[in-house]
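Working through the structure, step by step
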Amino acid sequence: MDAAVDAAVLDAVESAMIRIRRRQSRRSLARPVVMGLSEPVDLNTLAVVDAVDEGAGEGGRDVTVGFVADRLAIDPSRASRIVAEAVRSGFVRRAASQEDGRRSCLELTDVGREAVTAAHRTRQGFYSVVLGDWDPEEQRDFARLLTKFVHSLDDAGRR
């Protein structure tokens with residue numbers, strides 16, 4: 001459906017997305033996660049850990065360097081370098097693919113799972129504060145619409 005979108009809506013969405021991007025580029029939410037871990041973790045490694053965790057939740061799909069590159073929207077050579085660092089630092093390990101033994105897959109280690117747990121706890125705690133004064137219906141509507149928006153972004157990227 002390619003319906004026309006009101007210019008005021010487009011302005012508001014663009015402005016909001018710019019503000020979100022600026023906050024994300026400062027990585028203000030990742031730093032508290034990193035500081036709360038028993039093992040030090042580089043912010044790029046945390047991004048790899050998040051991507052591997054996301055891929056593991058997609059059931060049956062091999063999580064590879066290519067998957068990480070896709071999820072982080074970076075080129076494969078950069079993904080290869082930051083994955084290698086995540087492996088060296090002990091947050092991720094390589095394993096043979098169950099589908100194709102020639103292919104290397106990525107899995108979280110115990111320390112990697114600890115980082116995922118800390119990240120979820122920190123981010124969700126932050127979002128709880130941000131959404132805390134919204135009524136429950138607004139919270140549900142926002143979650144539903146934001147999820148729909150992100151799926152639309154993913155679909156638009158495939159066109």
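Here we summarise the structure given alongside this text.

Rules behind the numbers
Residues numbered from 1 in each chain as written. Predicted model: local features only at pLDDT ≥ 70, side-chain atom pairs only at ≥ 80, totals over all residues. Heavy atoms only, no water. Helix = DSSP H or I, 4+ residues; strand = E, 2+ residues; numbered from the N terminus. Contact = heavy atoms within 4.5 Å. Phe/Tyr/Trp six-rings, centres within 6.5 Å; stacked < 30°, edge-to-face > 60°. Buried < 20%, exposed > 50% of the residue type's maximum accessible area, 1.4 Å probe, protein only.

The subject of this paragraph is the side chain of Thr64. Note on placement: Thr64 falls in the loop between α3 (43-56) and α4 (65-72). What Thr64 contacts, discounting residues up to four positions off in sequence, is Arg103, Ser104 and Leu106.

Before going further, it helps to examine the packing of aromatic side chains. All told, the structure shown has two aromatic pairs when counted by the stated rule. Measuring from ring centre to ring centre gives 5.9 Å for Phe126 and Tyr127, while their planes differ by 65°; the resulting arrangement is edge-to-face. Since its relative accessible area comes to 34%, Phe126 is described here as partly exposed. The class of Tyr127 is partly exposed, set by a relative accessible area of 39%. Aromatic pair Trp134 and Phe142: ring centres 5.3 Å apart, planes at 75°, arrangement edge-to-face. Its relative accessible area of 31% is what places Trp134 among the partly exposed residues. Since its relative accessible area comes to 36%, Phe142 is described here as partly exposed.

What follows covers the environment of Ala47. Assignment of secondary structure puts Ala47 in helix α3. Each C-alpha atom, one on Ala47 and one on Val68, is 8.9 Å from the other, the two residues being 21 residues apart in sequence.

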